[in-house]
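Chain and residue survey
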Amino acid sequence: MAKRITTTLFVCLRLLAAQAQVIDDFSDGDISQNPVWVGDDSLFQVNAAKQLQSKGTVARDMHLATASNAATNSEWRFWIRLALSPSTQNFSRVYLVSDAANLSGNLNGYYVQPGGVTGNTDSITLYKQKGNVHTRIIAGRPSTVSKSNNLIKLRVLRDALGNWELYSDTTGSTSFILEGTGFDNEFTTSAYMGFFFRFTSGNTSNFYADDVYAGPVITDISAPRIDEVTVVNPTTLHVVFDEPLDAVSAVESQHYSVDKGIGNDVSAQLINNRIVELTSFTALQNKTNYNLTVSGIKDQSGNIQNGQSVPFLYFITEQHDLLISEFFADPTPVVGLPQHEFIELYNHSGLPVNLDGFTLTDGSGVTALPAYILQPDSFIIICASSAAPLFQLFGRTLGVSNFPSLNNSGDEIIIRNRQNQIIHRLKYDLSWYNDNAKSEGGWSIELINPFD
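Sequence positions are assigned chain by chain, starting from 1 and proceeding in written order. Reporting in this predicted model follows two pLDDT cut-offs: at least 70 for local features of residues, and 80 or more for side-chain atom pairs to be given and counted; totals over whole chains, interfaces and linings ignore these cut-offs and use all residues. The side-chain values count all of the structure's non-hydrogen atoms but skip hydrogen atoms and water molecules.

Focus: the overall build of the protein chain
What the protein chain contains, in helices and strands, is two helices and 33 strands. Between the two quantities, the radius of gyration covers C-alpha atoms and the globule rule is 2.2 Å times the number of residues to the power 0.38. Taking 22 Å as the expected radius of gyration for a compact globule of 452 residues, we find that the protein chain reaches 30 Å, considerably beyond that expectation. Expressed as lengths along the three principal axes of its C-alpha atoms, the size of the protein chain is roughly 90 × 60 × 40 Å. Every one of the 452 residues in the protein chain was classed for burial, and the buried ones make up 47%. Throughout, a contact is declared for two residues whenever any of their heavy atoms are within 4.5 Å. Pairs at least 24 residues apart make up 60% of the contacts formed inside the protein chain by residues separated by at least 6 positions. Each accessible area is a Shrake-Rupley estimate made with a 1.4 Å probe; only the visible protein chains count as cover when residues are assessed. Put simply, the protein chain shows about 21,000 Å² of open surface, and 50% of that area lies on carbon and sulfur atoms. Mean positive and mean negative side-chain charge positions of the protein chain (29 and 45 charges, respectively) differ by 11 Å. Comment: elements are numbered from the N terminus, with helices defined as DSSP H or I runs of at least four residues and strands as E runs of at least two. Per-residue accessibility, obtained with a 1.4 Å probe over protein chains only, is compared with the maximum for each type, and a residue is labelled buried under 20%, exposed over 50%, and partly exposed between these values. Lys and Arg are tallied as positive, Asp and Glu as negative. Neither His nor the chain termini are counted. Just so you know, the charge point we use is NZ for Lys, CZ for Arg, CG for Asp and CD for Glu.

Here it is as structure tokens:
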């Protein structure tokens, strides 16, 4: 039986070695085919998020390899997550080139290691391994993997002469930043690529990998597109693109135009390689829809955007855009409502309002509201999180963790927008009930006509 297993594994590896390109996002849910991964495969799993994840049980080294002949004129891309702070006892290596399937032993090849080396300064580094000798080729930027949860997208390029380029995005996306360049041309063929992971017993399941690519250099032929336009203030926009931009064309103001009289009256600067900040000398008008037109921007591969128009709305809530339409300050005795306080808001603005960053205050404290889109001409009941299920019977409800404790009488309720401007305020007392019996508790007070 042992001989049959050995023979089968040998045949599998021979078949794997014939493959020219590796692409695996683990969406098929396993590592036994398309492509076949070998090594310590019993210590890895494809998790519910369709990512490769370690599942060891004790402190040890482990590896996983697949056949790859990418070695020169090639590109490698990986997403990895280290849910730990790398150290000499907890680290990973991404092997790009190897002449052996056993990535835990002696081999000839190249690998990228994010931190975990004495004197490494928590950087992402490219190494050559010759037998058991490790030589640094590229030392990346310091302190890029110093966190306890590191999301890393790697991109490595090598040309036919042996010139290497190492890129990373330490947010796990594809806004790659150059870690460095180097030269080494000793090993020009490859049989395998894959992962090596060393961990202590507390980190047995803290290595993740996804979106594996090894093969010919990926040629970008797509022009940059706008993902989002965000209004920062009346004279500032942030324009988010879907890929890194050419640093020269991105800041040339003639490529940007806003309608309704603003035109090209803007200046541009890069916030990072995907976000452009536009500053206008003409202020946007509140509650107004605009169109931003962008044309002529290049990406880092030289692809030119021929034109894109993106609508955006400038909207800052003003006084009485939101109204305190009802409140319940004294829930005892119980008359018909739950025995909990609430404040109801009404959207009087005519536009959707995101409550994220708004605050409710009274004499006892401040409550920050979470993200919630309140549609025009709509109400929302705001109460303590524990009371939210009870009030959902009466309408849309938003529970908050630190709902203010309202005084039965003589309190002031204020709602402020994210610019800390007062949108609505009221100061109430028992006379507001206009009924001695109701002023004893159990009744809410409602705004008579929110449409005035």
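Quick notes on the packing of aromatic side chains
Here the aromatic set is Phe, Tyr and Trp, taking the six-membered ring for Trp, and pairing holds for ring centres within 6.5 Å; pairs whose planes are under 30 degrees apart are stacked, those over 60 apart are edge-to-face, and all others are tilted. Enumeration according to the criterion identifies 20 aromatic pairs in this entry. Consider the rings of Trp-76 and Trp-164, whose centres lie 5.7 Å apart with planes at 20 degrees: the pair is stacked. Residue Trp-76 is located in strand S6 (residues 74-82), and its partner Trp-164 is located in strand S12 (residues 163-169); the two are separated by 88 residues in the primary sequence. According to the relative accessible area criterion, Trp-164 is buried, its value standing at 1%. Judged by centre distance (5.6 Å) and plane angle (80 degrees), the rings of Phe-78 and Phe-195 are edge-to-face. A residue pair is termed long-range when its members are at least 10 positions apart, and Phe-78 in strand S6 and Phe-195 in strand S14 (residues 192-199) qualify at 117 residues.

Side note on the pattern of salt bridges
Pairing of side chains with opposite charge becomes possible as their charged atoms draw close. By salt bridge we mean one thing: a side-chain nitrogen of Lys or Arg within 4 Å of a carboxyl oxygen of Asp or Glu. For the structure shown, the criterion picks out 13 salt bridges. For Arg-198, the salt bridge goes to Asp-61, with nearest N and O atoms at 2.7 Å. Here the residue Arg-198 occupies a position in strand S14, and Asp-61 occupies one in strand S5 (residues 60-67), the gap between them amounting to 137 residues. Taking relative accessible area as the criterion, Arg-198 reaches 28% and is therefore assigned partly exposed. A relative accessible area of 26% means that Asp-61 is categorised as partly exposed. Note that Glu-186 is salt-bridged to Lys-130, the shortest N-O span being 2.7 Å.

A look at the nonpolar core
Counting 41 residues, the largest nonpolar core has Trp-76, Leu-96, Trp-164 and Phe-195 as its most contacted members. For the purposes of this section, nonpolar cores are sets of buried Ala, Val, Leu, Ile, Met, Phe, Trp, Tyr and Cys residues that join through side-chain atoms within 4.5 Å. Core analysis: the next-biggest nonpolar cluster, separate from the first, contains 27 residues, Leu-360, Phe-403, Ile-423 and Tyr-433 among them.

Re the sheet that holds strand S17 (residues 236-241)
Any two strands with at least two DSSP bridges between them are considered paired. Taking strand neighbours across the sheet as the criterion, the four strands line up as S16-S17-S20-S19 in an open arrangement whose pairing is antiparallel. Every interior strand has two partners, whereas the edge strands, strand S16 (226-233) and strand S19 (266-272), have only one. For this sheet the average axis-to-axis angle between neighbouring strands, irrespective of direction, equals 25 degrees. Inspection of the sheet shows S16 paired to S17 by six bridges, in the antiparallel sense. Looking at S17, one finds that Thr-230 is bridged to His-238. Only the stretch in contact is used when a helix axis is fitted, and all axes are lines through C-alpha atoms; the angle between N-to-C directions ranges over 0 to 180 degrees.

Some details on the sheet that holds strand S23 (residues 322-328)
Hydrogen bonds along the backbone pair up the strands of a sheet, which may run parallel or antiparallel. Taken together, the five strands give an open sheet; going across it, the order is S30-S29-S24-S23-S33, and neighbouring strands pair in mixed fashion. Two strands in the sheet have a free side with no partner beyond their single neighbour: strand S30 (397-400) and strand S33 (445-446). Of the strand pairs in this sheet, S23 and S33 are connected by two bridges, and their pairing is antiparallel. Paired with Phe-327 across the two strands is Ile-445, which belongs to S33.

Thoughts on the confidence of the model for the protein chain
Confidence along the protein chain averages 90 in pLDDT terms, with 95% of residues attaining 70 or more. Per residue, pLDDT measures the predictor's confidence, with a range of 0 to 100. In the model, residues 1-19 has pLDDT below 50 throughout and makes eleven contacts with residues more than four positions away in sequence or in other chains.

Considering unusual backbone geometry
Here Asn-34 and Pro-35 are connected by a cis peptide whose omega angle stands at 0 degrees. As for its position among the elements, Pro-35 is in the loop between strand S1 (22-24) and strand S2 (38-39). Positive phi values are uncommon outside glycine, yet Asp-122 reaches one of about 55 degrees. With respect to the helices and strands, Asp-122 occurs in the loop between strand S8 (107-114) and strand S9 (124-131). Positive phi is not limited to glycine here, since Asp-211 has a value of about 50 degrees.

Some points on the pairing of strand S22 (residues 308-314)
Here S22 shows one buried face, formed by Gln-308, Val-310, Phe-312 and Tyr-314, and one open face, formed by Ser-309, Pro-311 and Leu-313. Both strand S21 (residues 288-294) and S22 contribute to a ladder of seven bridges, which runs antiparallel. Residue pairing for S22: Val-294 is matched across the bridge by Gln-308.

Some points on the pairing of strand S10 (residues 133-139)
Pairing analysis gives six bridges linking S9 to S10, with the strands arranged antiparallel. Looking at the pairing, Gln-129 lines up with His-134 of S10. Counted between consecutive antiparallel strands, the loop separating S9 from S10 contains one residue.

Some details on the side chain of Glu-277
Structurally, Glu-277 is set in strand S20 (residues 275-280). The buried charged residue Glu-277 lacks any salt bridge, with Arg-274 as its nearest oppositely charged partner at 16 Å. Within the structure, Glu-277 has its side chain in polar contact with the side chain of His-238 (distance 2.8 Å). If near-sequence neighbours (up to four positions away) are discounted, Glu-277 is found in contact with Thr-236, Leu-237, His-238, Ser-267, Ala-268, Gln-269 and Ile-271. Any pair of N or O atoms that falls within 3.5 Å is considered a polar contact. Within protein, one atom must be able to donate a hydrogen and the other to accept it, and sequence-neighbouring residues count only if both atoms are side-chain atoms.

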